[in-house]
Amino acid sequence: MKVLVVEDEPRIAALLRRTLEREGHAVDLVGTGDEAIWMGLQREFDAIVLDIRLPGPDGFEVTRRLRESGCWSPILLLTGQAAVEDRVRGLDAGADDFLAKPFAIAELQARLRALSRRNLRERPPTLTAGGVVLDPASRTVERDGAPIQLSPKEFALLELFLRHPGEVLTRQRILEYGWDFAQEGGSNVVDVYIRYLRDKVDRPFARHSIETVRGVGYRFNPEG
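To keep things clear, this report deals only with the structure shown in the data block. (Residues numbered from 1 in each chain as written. Predicted model: local features only at pLDDT ≥ 70, side-chain atom pairs only at ≥ 80, totals over all residues. Heavy atoms only, no water.)

**Comments concerning the packing of helix 7 (residues 171-178) against helix 8 (residues 189-202)**
Phase 1: Packing of helix 7 against helix 8 brings their axes to within 10 Å, and their N-to-C directions diverge by 85 degrees. Between helix 7 and helix 8, the angle is such that the two are roughly perpendicular. Contacts between helix 7 and helix 8 involve Arg171, Ile174 and Leu175 from the former and Val189, Val190 and Asp191 from the latter.
Phase 2: Looking at the contact of helix 7 with helix 8 residue by residue, the classes come out as 4 nonpolar, no polar and 2 charged. (Axes fitted to C-alpha atoms, helices over the stretch in contact; angles between N-to-C directions. Helix = DSSP H or I, 4+ residues; strand = E, 2+ residues; numbered from the N terminus. Parallel < 35°, antiparallel > 145°, perpendicular 65-115°, else oblique. Contact = heavy atoms within 4.5 Å. Nonpolar A, V, L, I, M, F, W, Y, C, P; charged D, E, K, R; others polar.)

Pasting the structure below:
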């Protein structure tokens, strides 16, 4: 998942980033309402974790502006209070879920997984192409019935390919999906992880699904 974390408290922000990245998610981190609106409209996120109390526009206003501008990424609001009024105001603004501070990391992760599965028309329970079956909920992968063990980052990149089978994905698009905003655009990290994926998903099955499109990027060809 690609997650935007909006939190102005450095200690909590660092904890959220560390925890989500450990799970294999790519995390962009900002600390003000204005930055949150800009990022939410510039990039596509699978989820936005948004603190209510922020410098500039607060979490309610950020949510409202994002929704008015056509950003429909699932939004999980963080609040220091469990007041019913805050929940009602947040949901009315367009938020999808609420989590009161202090919270358990396991609950945060569970709520994000639930948000990622909420629109099943856009996000089917499992992704299948070329004999590969990926289950985002259980984080399992198999090909032709044989299980495949992937690292969190490899899992995220394979999920991106399976959501866009046959589509050419540029290196920049892959980089933006799998790594944070500050990742150097000229890095060869994408090529390195493509090689890792091929070693696990293609070569053991005598397949060539992950194709290089010279000068552009990569494509998952189900017939390959």
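**Describing the sheet that holds strand 11 (residues 210-213)**
Phase 1: The strand order 10-12-11 describes an open sheet built from 3 strands, whose pairing is antiparallel. Edge positions in the sheet fall to strand 10 (169-170) and strand 11, since each has one partner strand and no second.
Phase 2: As paired strands, strand 11 and strand 12 (residues 217-220) are joined by 4 bridges and run antiparallel to one another. Looking across to strand 12, one finds that Ile210 is bridged to Phe220.
Phase 3: Each of strand 10, strand 11 and strand 12 is contacted by helix 6 (residues 152-163), which is oriented at about 70 degrees to strand 12, the strand it contacts most.
Phase 4: Against the sheet, helix 8 engages strand 11 and strand 12, with an angle of about 145 degrees to strand 11. (Pairing = 2+ DSSP bridges.)

**Here's the deal with the sheet that holds strand 9 (residues 146-148)**
Phase 1: Spatially, 4 strands are ordered 6-7-8-9 in an open sheet, and the strand pairing comes out antiparallel. Strand pairing shows two members of the sheet lacking a second neighbour, strand 6 (127-129) and strand 9, which therefore form its edges. For this sheet, the mean angle separating the axes of adjacent strands, direction not counted, is 20 degrees.
Phase 2: Sheet topology places strand 7 (residues 132-135) next to strand 8 (residues 140-143); 4 bridges connect them, and they run antiparallel. Paired with Leu134 across the bridge in strand 8 is Val141.

**A word on the pairing of strand 8**
Phase 1: Only one face of strand 8 is buried, namely the one carrying Val141 and Arg143, since none of Thr140 and Glu142 on the opposite face is buried.
Phase 2: Across 3 bridges, strand 8 lies against strand 9 in antiparallel orientation. Counterpart to Glu142 in the pairing with strand 9 is Pro147. (Buried < 20%, exposed > 50% of the residue type's maximum accessible area, 1.4 Å probe, protein only.)

**Section: the pattern of salt bridges**
Phase 1: As enumerated under the stated definition, the model contains 19 salt bridges in all.
Phase 2: Here Arg17 and Glu21 are joined by a salt bridge, their closest N and O atoms 3.3 Å apart. Residue Arg17 and its partner Glu21 are located together in helix 1 (residues 10-22), separated by 4 residues, close to a single helical turn.
Phase 3: Residue classification places Glu21 among the partly exposed residues on the basis of a relative accessible area of 36%.
Phase 4: Among the salt bridges present, the one from Glu61 reaches Arg65, with a minimum N-O distance of 2.9 Å. Highlighted residues: Glu61 and Arg65, both in helix 3 (residues 59-68), separated by 4 residues, approximately one helical turn.
Phase 5: For Arg65, a relative accessible area of 33% corresponds to the partly exposed category.
Phase 6: What you see here is one network of salt bridges that share partners, running through Glu61, Arg64, Arg65 and Glu68. (Salt bridge = Lys/Arg side-chain N within 4 Å of Asp/Glu carboxyl O.)

**Description of the packing of aromatic side chains**
Phase 1: In total, this model carries 1 aromatic pair according to the counting rule given.
Phase 2: Here the guanidinium or amino end of Arg139 rests over the ring plane of Phe155, the centre of that ring lying 4.5 Å away. (Phe/Tyr/Trp six-rings, centres within 6.5 Å; stacked < 30°, edge-to-face > 60°. Lys NZ or Arg CZ within 6 Å of the ring centre and 35° of its normal.)

**A closer look at unusual backbone geometry**
Phase 1: With an omega of -10 degrees, the peptide bond between Lys101 and Pro102 qualifies as cis.
Phase 2: Mapped onto the fold, Pro102 is located in the loop between strand 5 (97-100) and helix 5 (105-117).
Phase 3: The residue Asp144 is not glycine, and still its phi comes out positive at about 50 degrees.
Phase 4: The class of Asp144 is exposed, set by a relative accessible area of 54%.

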